Amino acid sequence: MNLVENLEYNTERSHLIIPEYGRHFQKMVDHAVTIEDREERNKIAKSIIDVMGNLQPHLRDVPDFQHKLWDQLFIMSDFKLDVDSPFPITSKEVLQQRPEPLEYPQNFPKYRFYGNNIKRMIDVAVEWDKGDMRDGLEYAIANHMKKCYLNWNKDTVDDQVIFKHLYELSDGKINIVDETLTDSGQFLKNRVAKTVRSNNSGKKNQRNNNNRGKKRY
């Protein structure tokens, strides 16, 4: 009966700062904090570090890993352990300090259905010298814009609409008027053919899976 009454439940025990090491490690660290003799405390701390390193022997002698172990030792002691560390001791304030928020690139294009890469392509094209290469790039950009537009509209689009959008996105530096882009039906036809081919491939794999393991006589 006394054994049952003296049972310890995890809900009644102290919180584990780094649960991965388990409660016995936490008890060893707590014991090291209570040792008054500094020399003995340093000896115990090094022994704890050695045991922690034994959990991952392939990283035990790596300097960066050793630094990590010492940091974890101080964290587990709630920074109450006063020992001589071979590495700079990280303070509790620095550990709890929140990192600076990262600046996320904000981009609000006027025509989002074209995507950001189109704007990058346009910026490259306007830097090229006038000539056949630039004309070819401008035509390719306009064709790709038409394909992207059809992904959003899923019907048809007038080439003049694409030329107008291209003129706006290039700040008036690309002005295509007399060109004729790839027919919308061709883009839609290629998309349907690709979908059918993908579906047929999936059905073929399914048939192969169904026939797998069957005896053939």
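Quick caveat: nothing in here was measured; it's all calculated off a predicted structure.

Caption draft 1: Quick look at the nonpolar core. Y114, I122, I141, A142, M145, I162 and L166 are the most contacted members of the largest nonpolar core, which has 21 residues in total. Elements represented by at least two residues in this core include exactly helix 6 (116–125), helix 7 (132–153) and helix 8 (159–169). With 7 residues, helix 7 is the single largest residue contributor to this core. Among residues more than four places away in sequence, those in contact with I141 are I118, M121, I122, A125 and L166. In this structure, I18, I48, W70 and F74 belong to the second largest nonpolar core, which totals 17 residues.

Caption draft 2: Here's a closer look at the pattern of salt bridges. One pass over the structure, following the stated rule, counts 6 salt bridges. Put simply, D82 and R38 hold a salt bridge, and the shortest N to O gap is 2.9 Å. Separated by 44 residues along the polypeptide, D82 in the loop between helix 4 (63–76) and helix 5 (92–96) and R38 in helix 3 (residues 38–54) bring together distant segments of the chain. Judged by its relative accessible area of 31%, R38 falls in the partly exposed class. Between D84 and R38 there is a salt bridge, with its nearest N and O atoms 2.6 Å apart. One end of the pair, D84, is in the loop between helix 4 and helix 5; the other, R38, is in helix 3, and 46 residues separate them in sequence. What you see here is one network of salt bridges that share partners, running through R38, D82 and D84.

Caption draft 3: Highlighting the environment of K173. Inspection of the secondary structure assignment puts K173 in the loop between helix 8 and helix 9 (184–211). The sequence separation of K173 and A125 amounts to 48 residues, and the corresponding C-alpha distance is 9.4 Å. For K173, the contacting residues outside a window of four places in its chain are V126, K130 and R134.

Caption draft 4: Representation of the environment of E138 in the model. Inspection of the secondary structure puts E138 in helix 7. Linking E138 and I176, residues 38 residues apart in sequence, is a C-alpha distance of 8.2 Å. Discounting residues that sit within four places of it in the chain, E138 has contacts with L166, I174 and I176.

Caption draft 5: Summary view of the packing of helix 6 against helix 7. Their axes nearest at 10 Å, the elements helix 6 and helix 7 cross at an angle of 165 degrees. Our classification of the angle between helix 6 and helix 7 gives roughly antiparallel. Two packed elements cross with a definite hand, and for helix 6 against helix 7 that hand is left-handed. Residues I118, M121, I122 and A125 of helix 6 form the contact with helix 7, whose participating residues are R134, L137, I141, H144 and M145.

The rules we used
Residues numbered from 1 in each chain as written. Predicted model: local features only at pLDDT ≥ 70, side-chain atom pairs only at ≥ 80, totals over all residues. Heavy atoms only, no water. Core = buried A, V, L, I, M, F, W, Y, C linked by side-chain atoms within 4.5 Å. Buried < 20%, exposed > 50% of the residue type's maximum accessible area, 1.4 Å probe, protein only. Helix = DSSP H or I, 4+ residues; strand = E, 2+ residues; numbered from the N terminus. Contact = heavy atoms within 4.5 Å. Salt bridge = Lys/Arg side-chain N within 4 Å of Asp/Glu carboxyl O. Axes fitted to C-alpha atoms, helices over the stretch in contact; angles between N-to-C directions. Parallel < 35°, antiparallel > 145°, perpendicular 65-115°, else oblique. Left-handed = near helix turned anticlockwise from the far one by under 90°.

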